[in-house]
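Observations on the three-dimensional arrangement
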Amino acid sequence: MRIMTKALFALRMAPVSLLVFLAAFPLAGAPASQPILAPTPPMGWASWNHYFCDYTDQTIRDQADALVSTGMRDLGYKYVIIQECLTTGRNAGGSLILDAKRFPHGMKDLVDYIHARGLKAGIYTDIGPNTCAGKPYQGSYRHEDQDARTFAEWGFDFVEMDYCNRPKGETGRAIYERMAEAIRKTGRPMLLYICSWGNESPWTWAQGKAQLWRTEGDISGEKNHVDWEDVVTNFESNARHAVFNAPDSWNDPDMMEVGNPGLTPAEAQTHVSMWAISAAPLWAGTDLTRMDAAIRALYTNAEVIAVDQDPLGAGPVRVRDYGAGIEVWAKPLAASGSGAQAVMLVNLGAATAEARVEWTDLSLGGFVAVRDLWTHKDLGAFRDGYALRLPSHASALLKVTGAFDWSRGATYEAEWPGNTRTGAAALRPCPECSQGYAVSLRGAGNAEVASSLTFRHIVVPETGKYMAHLVYVYSGEGRHAVQVRVNRGAALAIKLPGAIYATAQIPVELEKGENSISLSVAGAETVTIDRLRLTR
Ligand code: GAL
């Protein structure tokens, strides 16, 4: 909509930390856009955790059939990922030679079988000359284009690229970027899964190239077995990068082990709750043809899956740590400030204990409705908070719905990948900033090629006046002009006083529903944006 005049605003405002000067200023430029391949975290089945290399063509067909017969496909588990031990070498032309013993009908035939069941197919390769399983299995090093073409010809929809045997003198990033470009050139939409176990921090650079990336080492080094401690480690490690979760930008804590030996029933359920609140890609890593009713129930709870697949794609935040392993994790659903959140109460400790979520930790007020997603039960509306007793390693996954407290405000991080950056706008580490990152805006001296950052998906409950608290870092002198545009309104120039770390208050008028706020710098100086907080 439009930005209120300062005079109008001054009448209503409490003390402002910095004065903001507004002047009309034209702004050009449209946000870059590209097709979204994974609007929500991809889901499916993957072979490695349960089988390692002990599988055949028939194993894959049976699991594809099981995805259909168990109802998992219709709940979103669409990808069938074939990992490791695929090839025996390369021919004289450098093309992959498939292991003919394992795949007697060829790969195209198997992929067709998967597709015929309304599923998608995924394959595995590596950044090195050989995969993690070693010789004779082929990685795609210096064969990125050729292998991407082969995968496309076979009909694949997904490529996992592992991180073993990285050649000296090359970064994994360079090889992943070559593969991303090779995939793009095939013209076939294939997701790229960067499986670098968290190395080289792909969440900071892989958007627009890959759609998902591993944040930790393998959840288990053992075939068909997992330890509880590793489930917790991978969950916590993944959550450190939660701010980088967004459509087409998925942090992956690894394939699930639910159904494989090593976990108690409570631990297996918590494993799924952790993955769901993480908006993690959901890969069933067990034998789906033999799972019992309890395991199947863990994979197929539609309300739990809906938390994972929520369109906002937010990652989890630990909102309270009571010590002794009692923790409260939450993530907003649909939009920041929507009033609906998923909450996981978890007991990582050794003894049964009470766990409690406080509404103030979620910026919710009044009576808040609580629904237990695992049991599909509305538990009632509660004032202040909700508590329950949890046995060791058990958890509750709740949906809570209440009035969002706009006087405290909703926060939008500059580095969130759902925002749009143009020109020289760049992500940069910022230790003093929230979540450790910021976006720097550098002007190029003229408005046509200015750097811009557009905060997207700002959803508010009512049309009206809001206060945008812009947190920025700038270490220079004087005032620096930033152009601010709300939705399609006129751009206004705002002078940000030079400061090390400051908050400027910008009155804005927003529309009920979706809004965007663009910031752009046309001068030669750099202004670094940490975050925006919006209050009423
Ligand atoms: C690991 C990878 C797993 C699996 C395995 C196969 O490095 O993280 O997802 O693909 O290699 O060797």
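A quick note: this is a predicted structure, and the numbers were derived from the prediction, not measured.

**What about the packing of helix 7 (residues 228-239) against helix 8 (residues 265-277)?**
The description of two packed helices rests on the angle between their axes and on the distance between the axes. At a minimum axis distance of 10 Å, the contact between helix 7 and helix 8 shows a crossing angle of 10°. Classified by the angle between their axes, helix 7 and helix 8 sit roughly parallel to one another. Together, Trp 228, Val 231, Val 232, Asn 234 and Phe 235 of helix 7 and Glu 267, Thr 270, His 271, Met 274, Trp 275 and Ile 277 of helix 8 make up the contact between the two elements. Considered class by class, the residues forming the contact of helix 7 with helix 8 number 7 nonpolar, 3 polar and 1 charged.

**What to know about the packing of helix 5 (residues 144-154) against helix 6 (residues 172-186)**
Orientation of helix 5 relative to helix 6, taken along the N-to-C sense of each, is 45°, at an axis distance of 8 Å. Compared by their axis directions, helix 5 and helix 6 come out oblique. The way helix 5 lies across helix 6 gives a crossing that is right-handed. In this structure, helix 5 uses Glu 144, Asp 145, Ala 148, Arg 149, Phe 151 and Ala 152 to contact helix 6, whose residues at the interface are Ile 175, Arg 178, Met 179, Ala 182, Ile 183, Lys 185 and Thr 186. For the contact of helix 5 with helix 6, the residue count by class is 7 nonpolar, 1 polar and 5 charged.

**Points about empty space enclosed by the protein**
Counting across every chain of the model gives 1 cavity of 30 Å³ or more. The computed volume of the largest cavity comes to approximately 70 Å³. Looking at the largest cavity, the residues that line it are Cys 85, Leu 86, Thr 87, Leu 96, Ile 123, Tyr 124, Thr 125, Thr 131, Tyr 137, Gln 138, Phe 151 and Trp 154. Looking at the lining of the largest cavity, the elements with two or more residues in it are strand 6 (120-126) and helix 5. Looking at the lining of the largest cavity, the element that brings in the most residues is strand 6, giving 3 residues. Among the residues forming the lining of the largest cavity, the class breakdown is 8 nonpolar, 4 polar and no charged.

**Points about the domain arrangement of the chain**
Split into domains, the chain comes out as domain 1 (42-308), domain 2 (317-404) and domain 3 (410-535). Each of domain 1 and domain 3 was reduced to a C-alpha centroid, and the two centroids are 37 Å apart. With both chains or domains summed, domain 1 and domain 3 bury close to 630 Å², and 76% of this area falls on carbon and sulfur atoms. Sorting the residues of domain 1 by area buried against domain 3 places Thr 204, Val 243 and Phe 244 first, and these three jointly supply 71% of that buried surface. Across the domain 1-domain 3 interface, the total number found is 0 salt bridges.

**As for the state of the cysteines**
Throughout the structure, instances matching the rule amount to 3 disulfides. At a sulfur-sulfur separation of 1.8 Å, the disulfide partner of Cys 53 is Cys 85. Looking along the S-S bond of the Cys 53-Cys 85 disulfide, the torsion reads about 55°, which is the right-handed sense. With Cys 53 in the loop between helix 2 (48-51) and helix 3 (57-69) and Cys 85 in the loop between strand 3 (79-81) and strand 4 (87-90), the pair connects residues that are 32 residues apart, well separated along the chain. For the chain, the bonded cysteines connect in the pattern 1-2, 3-4, 5-6 when numbered consecutively along the sequence. No disulfide involves Cys 195; its nearest neighbouring cysteine sulfur is the one of Cys 132, lying 7.4 Å away. Overall, Cys 195 belongs to the buried group, its relative accessible area being 1%.

**Quick word on helix 3**
When the terminal C-alpha atoms of helix 3 are compared, their 19 Å separation across 13 residues agrees well with the 18 Å that a helix rising 1.5 Å per residue should span. Those residues of helix 3 lying buried are Asp 57, Thr 59, Ile 60, Arg 61, Gln 63, Ala 64, Ala 66 and Leu 67. Its buried side turned inward, helix 3 meets strand 2 (43-46), helix 2, strand 3 and helix 4 (107-116). The backbone nitrogen of Gln 58 has a side-chain oxygen 3.1 Å away, supplied by the residue at the start of helix 3, namely Thr 56. Note on helix 3: the residue one or two positions beyond its end, Gly 71, has a positive phi of about 85°.

**Digging into the pattern of salt bridges**
Opposite charge on two side chains permits them to pair, given that their charged atoms come into close proximity. A complete count under the given rule lists 25 salt bridges for this structure. The shortest N-O distance in the salt bridge between Arg 173 and Glu 177 comes to 2.9 Å. With Arg 173 and Glu 177 both in helix 6, this residue pair falls 4 residues apart, about one helical turn. Accessibility expressed as a relative area gives 33% for Arg 173, which makes it partly exposed. For Glu 177, a relative accessible area of 26% translates into the label partly exposed. Between Glu 462 and Arg 536 there is a salt bridge; the shortest N-O distance is 2.9 Å. Of this pair, Glu 462 sits in the loop between strand 24 (451-460) and strand 25 (464-486) while Arg 536 sits in the segment after strand 28 (526-535), and the two are 74 residues apart along the sequence.

**Things to note about the side chain of Glu 84**
As for its placement among the helices and strands, Glu 84 is situated in the loop between strand 3 and strand 4. Buried Glu 84, no salt bridge; nearest opposite-charge side chain is Arg 102, N-O distance 8.2 Å. Here the side chain of Glu 84 touches Ala 133 through a polar contact of 3.0 Å, landing on its backbone nitrogen. What Glu 84 contacts, discounting residues up to four positions off in sequence, is Trp 48, Cys 53, Tyr 55, Tyr 124, Thr 131, Cys 132, Ala 133 and Tyr 137.

**Re the layout of surface pockets**
If you roll a probe as big as a water molecule over the atoms, it shows you where there is empty space left. When its volume is computed, the largest pocket comes out at roughly 1,000 Å³. In terms of lining, the largest pocket is formed by 42 residues, of which the most central are Val 317, Pro 332, Ser 336, Thr 411 and Gln 435. Where the lining of the largest pocket is concerned, the elements lending two or more residues are helix 7, strand 12 (317-323), strand 13 (326-332), strand 14 (340-347), strand 20 (410-413) and strand 24. Tallied by class, the residues present in the lining of the largest pocket amount to 18 nonpolar, 15 polar and 9 charged.

**Observations concerning the nonpolar core**
Counting 89 residues, the largest nonpolar core has Met 107 and Phe 156 as the members making the most contacts within it. Residues contacting Phe 156, with those up to four places away along its chain left out, are Ile 82, Met 107, Val 111, Ala 121, Gly 122, Ile 123, Phe 151, Arg 188 and Met 190.

**Remarks on the packing of aromatic side chains**
Applying the stated criterion across every chain yields a total of 16 aromatic pairs. When the ring of Phe 151 is compared with that of Trp 154, the centres are 6.3 Å apart and the planes differ by 35°; the resulting orientation is tilted. In this pair, Phe 151 and Trp 154 are both assigned in helix 5, 3 residues apart and thus about one turn of the helix distant. You can call Phe 151 buried: its relative accessible area is 2%. Taken together, Tyr 79, Phe 158, Tyr 193 and Trp 283 form an aromatic cluster joined through their ring pairs. Sitting over the ring of Tyr 55, Arg 102 keeps its end group 4.6 Å from the ring centre. The ring of Tyr 113 carries the charged tip of Arg 117 above its face, separated from the ring centre by 3.5 Å.

Thresholds applied
- Residues numbered from 1 in each chain as written.
- Predicted model: local features only at pLDDT ≥ 70, side-chain atom pairs only at ≥ 80, totals over all residues.
- Heavy atoms only, no water.
- Axes fitted to C-alpha atoms, helices over the stretch in contact; angles between N-to-C directions.
- Helix = DSSP H or I, 4+ residues; strand = E, 2+ residues; numbered from the N terminus.
- Parallel < 35°, antiparallel > 145°, perpendicular 65-115°, else oblique.
- Contact = heavy atoms within 4.5 Å.
- Nonpolar A, V, L, I, M, F, W, Y, C, P; charged D, E, K, R; others polar.
- Left-handed = near helix turned anticlockwise from the far one by under 90°.
- 1 Å grid on protein atoms, 1.4 Å probe; cavity = no way out; pocket = protein on both sides within 12 Å on 5 of 7 lines; lining within 4 Å.
- Points joined across faces, edges and corners; volume = space filled by probe spheres on them.
- Domains from an automatic or database assignment.
- Buried area = accessible area lost by both parts, 1.4 Å probe.
- Salt bridge = Lys/Arg side-chain N within 4 Å of Asp/Glu carboxyl O.
- Disulfide = S-S within 2.5 Å.
- Buried < 20%, exposed > 50% of the residue type's maximum accessible area, 1.4 Å probe, protein only.
- Expected span 1.5 Å × (residues − 1).
- Polar contact = N/O pair within 3.5 Å; in protein donor to acceptor, adjacent residues only side chain to side chain.
- Lys, Arg positive; Asp, Glu negative; His and termini not counted.
- Core = buried A, V, L, I, M, F, W, Y, C linked by side-chain atoms within 4.5 Å.
- Phe/Tyr/Trp six-rings, centres within 6.5 Å; stacked < 30°, edge-to-face > 60°.
- Lys NZ or Arg CZ within 6 Å of the ring centre and 35° of its normal.

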